[in-house]
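What follows is the residue order along each chain.
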Amino acid sequence: MKTFFLSLVTMAFMMSFYSNQNAEATNNTITIEATVAPQGSFKILNDTGSKISIYTGSGYVTLNNGSSTSVSCNTGKKVYTASKGSKDDFIFEIKSSMCGKTVKLSDYL
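Below or above, wherever it landed, is the structure these notes cover. On a predicted model such as this, the values are computed, not experimentally measured, just so you know.

**Describing the pairing of strand β2 (residues 52–55)**
Right, so step 1: Pairing of β2 with strand β3 (residues 60–63) involves four bridges; the strand directions are antiparallel. From the neighbouring strand, Ile54 faces β3, where its bridge partner is Val61.
Right, so step 2: Taking the residues between adjacent antiparallel strands as the criterion, β2 and β3 are bridged by four residues, where Gly57 takes a positive phi near 100 degrees.
Right, so step 3: Looking at chain direction, β2 and strand β5 (residues 78–83) are connected through two bridges and run antiparallel. Residue pairing for β5: Ile54 is matched across the bridge by Thr81.

Here it is as structure tokens:
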């Protein structure tokens, strides 16, 4: 019985060593390429001459004249004027070309 058990352990050890060699011999490298959307943010500058409330695609912001807010560069999101916590008129859609820049509201209103 002792010899049988020792033989079984030895065989299991040798099989595990053999399977590791096969795994090393057939190890292939897989390369995955991913497309990453533009990250970051851009600024919306209120240069309209009056206080304005806007919906940025993710929240509501009130901007005094001359003030700005930083907005995530989520391409495709839409920016609207806002009043009393609800969207009003469409202003513009966020484009990747806006990322890292300052957008003046007077260019869209």
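**Overview of the state of the cysteines**
Right, so step 1: Tallied over the entire structure, the rule returns one disulfide.
Right, so step 2: The disulfide bridge from Cys73 ends at Cys99, spanning 1.7 Å between sulfur atoms. Here the S-S torsion is close to -80 degrees, and the disulfide linking Cys73 with Cys99 is therefore left-handed. Of the two residues, Cys73 sits in the loop between β4 (68–72) and β5 while Cys99 sits in the loop between β6 (86–93) and β7 (102–104), which places them 26 residues apart along the sequence.

**A closer look at the nonpolar core**
Right, so step 1: Formed by 15 residues in total, the largest nonpolar core has its most connected members in Phe42, Ile44, Ile54, Val79, Phe92 and Leu105.
Right, so step 2: Elements with a minimum of two residues in this core: β1 (41–45), β2 and β6.
Right, so step 3: What Ile54 contacts, discounting residues up to four positions off in sequence, is Ile44, Gly59, Tyr60, Val61, Leu63, Val79, Tyr80, Thr81, Ala82, Ile91 and Leu105.

**Side note on the sheet that holds β6**
Right, so step 1: Spatial ordering of the open sheet is given by β3-β2-β5-β6, a layout of four strands whose pairing is antiparallel. Each end of this open sheet is capped by a strand with a single partner; those strands are β3 and β6. Recorded for the sheet is a direction-independent mean angle of 35 degrees between the axes of neighbouring strands.

**Considerations on the packing of aromatic side chains**
Right, so step 1: The tally for this structure, following the rule as stated, stands at three aromatic pairs.
Right, so step 2: Measuring from centroid to centroid gives 5.7 Å for Tyr80 and Phe90, while their planes differ by 75 degrees, and the two rings are edge-to-face. A residue pair is termed long-range when its members are at least 10 positions apart, and Tyr80 in strand β5 and Phe90 in strand β6 qualify at ten residues.
Right, so step 3: Taking 4.6 Å as the distance between ring centres and 35 degrees as the angle between the ring planes, the aromatic pair formed by Phe92 and Tyr108 counts as tilted. Taken as a pair, Phe92 in strand β6 and Tyr108 in the segment after β7 lie far apart in primary sequence, 16 residues in all.
Right, so step 4: The class for Phe92 is buried, based on a relative accessible area of 3%.
Right, so step 5: For Tyr108, a relative accessible area of 37% puts it in the partly exposed group.

Analysis parameters
Residues numbered from 1 in each chain as written. Predicted model: local features only at pLDDT ≥ 70, side-chain atom pairs only at ≥ 80, totals over all residues. Heavy atoms only, no water. Pairing = 2+ DSSP bridges. Helix = DSSP H or I, 4+ residues; strand = E, 2+ residues; numbered from the N terminus. Disulfide = S-S within 2.5 Å. Core = buried A, V, L, I, M, F, W, Y, C linked by side-chain atoms within 4.5 Å. Buried < 20%, exposed > 50% of the residue type's maximum accessible area, 1.4 Å probe, protein only. Contact = heavy atoms within 4.5 Å. Axes fitted to C-alpha atoms, helices over the stretch in contact; angles between N-to-C directions. Phe/Tyr/Trp six-rings, centres within 6.5 Å; stacked < 30°, edge-to-face > 60°.

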